[in-house]
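Chain residues, written in single-letter form:
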Amino acid sequence: MRGRIVVAGLAGLLVSGCAAEAEPVAVPPPAPIAVDVAAASSGGACRLLDFTVIEQLVKVRFDVAAASERGDTYTCVVRTERATLPELTLSVTDAKIDKTTFGADVMPDKAAKVTAVGQQAYRRTLAAASGHGPVAEVGWLTTEGRLATLSWTAARGAERSAVEKVTGDLVALAKKVDTRAL
């Protein structure tokens, strides 16, 4: 009797194992997770910039950075994901020049001198051109003899007076850029 019960139980298990497999249930893919990535992760001159510091000083939240290196020049461009302008560009060149050469050959004629940035510095605002608004620029000779430039390119239609105010913010940002980190 016991043998028949065992055989019947095994037969039941075998039959249940042969049943059709259940259809898989479709599960929606997980929602993408937004992750804040530091500008420095792009390498190059972007290692010298921080999105939070830029936002504190320039009052615009950038979230995309791209770096480039060509010869002795390191460049970083930061933008918002939603628009190409405004954009902020940092360029650093290993020029190894002195103050006299900087003043004579690099500083633009109608630029205003800036104090407390590197060995020597200037600021200026350029007129709008096709495709973009005015450009604010701060250039300086770093303490180790490199040329550095921060440029703010405004969106088309931006007022020049508003962009001139940005040069003051760029001066504050230039004071935070440590080019020795390249």
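Here, every reference points to the structure presented above.
Residues numbered from 1 in each chain as written. Predicted model: local features only at pLDDT ≥ 70, side-chain atom pairs only at ≥ 80, totals over all residues. Heavy atoms only, no water.

**Student:** Got a sec to walk through the pairing of strand S1 (residues 64-70)? Specific residues and values, please.
**Tutor:** Pairing of S1 with strand S2 (residues 73-80) involves 7 bridges; the strand directions are antiparallel. Note that in S2 the partner of Ala67 across the bridge is Cys76. Hairpin connection from S1 to S2: 2 residues lie between these consecutive antiparallel strands, with Gly71 at a positive phi of about 60 degrees. (Pairing = 2+ DSSP bridges. Helix = DSSP H or I, 4+ residues; strand = E, 2+ residues; numbered from the N terminus.)

**Student:** Tell me about the environment of Gly44, and please be specific about residues and values.
**Tutor:** Of note, Gly44 is situated in the loop between helix H1 (2-17) and helix H2 (51-58). Counting along the chain gives 32 residues from Gly44 to Cys76, while the straight-line C-alpha distance between them is 6.8 Å. Residues contacting Gly44, with those up to four places away along its chain left out, are Ala67, Glu69 and Leu182. (Contact = heavy atoms within 4.5 Å.)

**Student:** Residues and numbers for the environment of Ala162, please.
**Tutor:** Secondary-structure assignment places Ala162 in helix H4 (residues 160-176). Judged by relative accessible area, Ala162 falls into the partly exposed class, the value being 41%. When the C-alpha positions of Ala162 and Ala136 are compared, they lie 9.7 Å apart, and in sequence the two are 26 residues distant. (Buried < 20%, exposed > 50% of the residue type's maximum accessible area, 1.4 Å probe, protein only.)

**Student:** So what about the environment of Thr73? Which residues, and what values?
**Tutor:** Note that Thr73 resides in strand S2. Once the C-alpha coordinates of Thr73 and Ala148 are considered, the two residues, 75 residues apart in sequence, prove to be 9.5 Å apart. Once residues within four sequence positions are removed from consideration, Thr73 is found in contact with Ser68, Ser91, Val92 and Thr93.

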